Amino acid sequence: MESSGMNKTMGGNARGSRMHAQAHVWNHIFSFINSMSLKCALQLGIPDIIHDHGGPMTIGELVSALSVHSGKAHCIFRLMRILVHSGFFEQTSLRVVANDDREEVGTEHGSLFWEHTGYEPELNLLFNNAMASDARLVATEVLGSDCKRAFEELRSLVDVGGGTGMMAKAIAAEFPDLECTVFDLPHVVAGLKGTKNVKYVGGNMFKEIPPADAYLLKASFRYNITSSR
């Protein structure tokens, strides 16, 4: 019994180590973003502009004070969000601002990143494969730990933003009586075929989500399960 328990603990530690290793690698791969963003802010003179303003500025006010091309003005929002996240600046609630001040735009064409992947099949495939690779590792961690018990009482589950269904298919294989729905944008799930207890549904999570006993949401190497009851 002691040997079995030890093997189980060692197995759990191994799975946890893989998760930490992946997070460690990702952090190093993207570590240049903070320094390059700070360099960009300094070259644009953003610290001096905010200082001379005498107080917090909205993104719109900052863009107006910067000498940037109008076609790239939307990038300032993303730049400032990175700088706030990394601790170089602080975000303060001043008042309700215009939608343009808080809309995240992902390409030079002015479309959201998720919309843009719908027009770029190669980018869509690359992004979905990357997410599936991450989900494969997380599925091993979740289903090989005590977290697995969270699925035992469920009859239906929706994986919101489930991509190609890597996580949902792993759960469905462990729980054959659980009806799993992979919910993502139409161009993400287009052409994907389900199984006996896995189906794909296209839609917009900000407008409507299929009903289920629970919803699965993934963010930053974590999965949150929210009951609809």
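Our structure is the block above this text.
Before going into details, it helps to say that this report is about the structure given with it. (Residues numbered from 1 in each chain as written. Predicted model: local features only at pLDDT ≥ 70, side-chain atom pairs only at ≥ 80, totals over all residues. Heavy atoms only, no water.)

## Overview of the overall build of the protein
Part 1: Counting secondary structure elements, the protein contains nine helices and five strands.
Part 2: Starting at the N terminus, the α and β elements of the protein follow one another as α-α-α-α-α-α-α-β-α-β-α-β-β-β.
Part 3: Long-range pairs, those at least 24 residues apart, make up 52% of the contacts in the protein between residues at least 6 apart in sequence.
Part 4: Approximately 15100 Å² of the protein is accessible, and the part contributed by carbon and sulfur atoms is 55%. (Helix = DSSP H or I, 4+ residues; strand = E, 2+ residues; numbered from the N terminus. Contact = heavy atoms within 4.5 Å. Areas by Shrake-Rupley, 256 points an atom, 1.4 Å probe, with all protein chains shown as cover.)

## Some details on the nonpolar core
The tendency in soluble globular proteins is for nonpolar side chains to be buried as a group.
Part 1: Counting 22 residues, the largest nonpolar core has Phe151, Leu157, Met167, Ile171, Leu178 and Cys180 as the members making the most contacts within it.
Part 2: Of all the secondary structure elements, the ones that give two or more residues to this core are helix 7 (121-143), helix 8 (166-174), strand 2 (179-184), helix 9 (186-189), strand 3 (198-202) and strand 4 (214-219).
Part 3: For this core, the element with the highest residue contribution is helix 7, accounting for five residues.
Part 4: Once you skip the residues sitting within four places of it in the chain, Ile171 turns out to touch Leu143, Phe151, Leu157, Leu178, Cys180 and Leu216. (Core = buried A, V, L, I, M, F, W, Y, C linked by side-chain atoms within 4.5 Å. Buried < 20%, exposed > 50% of the residue type's maximum accessible area, 1.4 Å probe, protein only.)

## A look at the pattern of salt bridges
Part 1: Summed over all chains, the structure comprises two salt bridges.
Part 2: The salt bridge involving Asp213 is made with Arg155; its shortest N-O contact spans 3.4 Å. Residue Asp213 is located in the loop between strand 3 and strand 4, and its partner Arg155 is located in the loop between helix 7 and strand 1 (156-160); the two are separated by 58 residues in the primary sequence.
Part 3: Exposure remark for Arg155: the relative accessible area of 59% places this residue in the exposed category. (Salt bridge = Lys/Arg side-chain N within 4 Å of Asp/Glu carboxyl O.)

## Focus: the environment of Gly163
Part 1: With respect to the helices, strands and loops of the structure, Gly163 is situated in the loop between strand 1 and helix 8.
Part 2: You can call Gly163 buried: its relative accessible area is 11%.
Part 3: Placed 32 residues apart in sequence, Gly163 and Met131 show a C-alpha to C-alpha distance of 7.2 Å.
Part 4: Apart from the residues lying within four places of it in its own chain, the contact partners of Gly163 are Val182, Asp184, Val188, Val189, Leu192 and Tyr200.

## Comments concerning the packing of helix 2 (residues 32-44) against helix 5 (residues 75-85)
Between two packed helices, the angle of one axis relative to the other and the distance separating the axes together describe the packing.
Part 1: Between helix 2 and helix 5, the least distance of the axes is 10 Å, while the angle of their chain directions is 120 degrees. As judged from the angle between their axes, helix 2 and helix 5 are oblique. Helix 5 is crossed by helix 2, and the crossing has left-handed handedness. Residues Ile33, Asn34, Ser37, Leu38, Cys40, Ala41 and Leu44 of helix 2 form the contact with helix 5, whose participating residues are Ile76, Leu79, Ile82 and Leu83. (Axes fitted to C-alpha atoms, helices over the stretch in contact; angles between N-to-C directions. Parallel < 35°, antiparallel > 145°, perpendicular 65-115°, else oblique. Left-handed = near helix turned anticlockwise from the far one by under 90°.)

## Digging into the side chain of Asn128
Part 1: By the secondary structure assignment, Asn128 is in helix 7.
Part 2: When neighbours within four sequence positions are excluded, Asn128 is seen to be in contact with Thr164 and Val188.

## Observations regarding the side chain of Ser37
Part 1: By the element assignment, Ser37 lies in helix 2.
Part 2: Excluding its chain neighbours within four sequence positions, the residues that come into contact with Ser37 are Leu79, Ile82 and Leu83.

## Description of a nonpolar patch on the surface
Part 1: Taken together, Val25, Trp26, Ile29, Phe30, Phe32, Met36 and Met131 make up a surface patch of nonpolar side chains, about 640 Å² in accessible area.
Part 2: Among the elements of the structure, helix 1 (2-29) and helix 2 are those that each provide at least two residues to the nonpolar patch.
Part 3: Ranked by residues supplied to the nonpolar patch, first place goes to helix 1 with three residues.
Part 4: Note that Ile29 resides in helix 1. (Patch = residues over 30% accessible without salt bridge, like charges linked within 9 Å, V, L, I, M, F, W, Y side chains within 5 Å.)

## So, the packing of helix 7 against helix 8
Part 1: Contact geometry of helix 7 with helix 8 gives a least axis separation of 8 Å together with a crossing angle of 30 degrees. One finds that helix 7 runs roughly parallel with respect to helix 8. Helix-helix and strand crossings are classified by hand; for helix 7 and helix 8 the assignment is right-handed. Seen from helix 7, the contacting residues are Ala132, Ala135, Arg136, Ala139, Val142 and Leu143; seen from helix 8, they are Met166, Met167, Ala170, Ile171 and Glu174.
Part 2: Class assignment for the residues of the contact of helix 7 with helix 8 results in nine nonpolar, no polar and two charged. (Nonpolar A, V, L, I, M, F, W, Y, C, P; charged D, E, K, R; others polar.)

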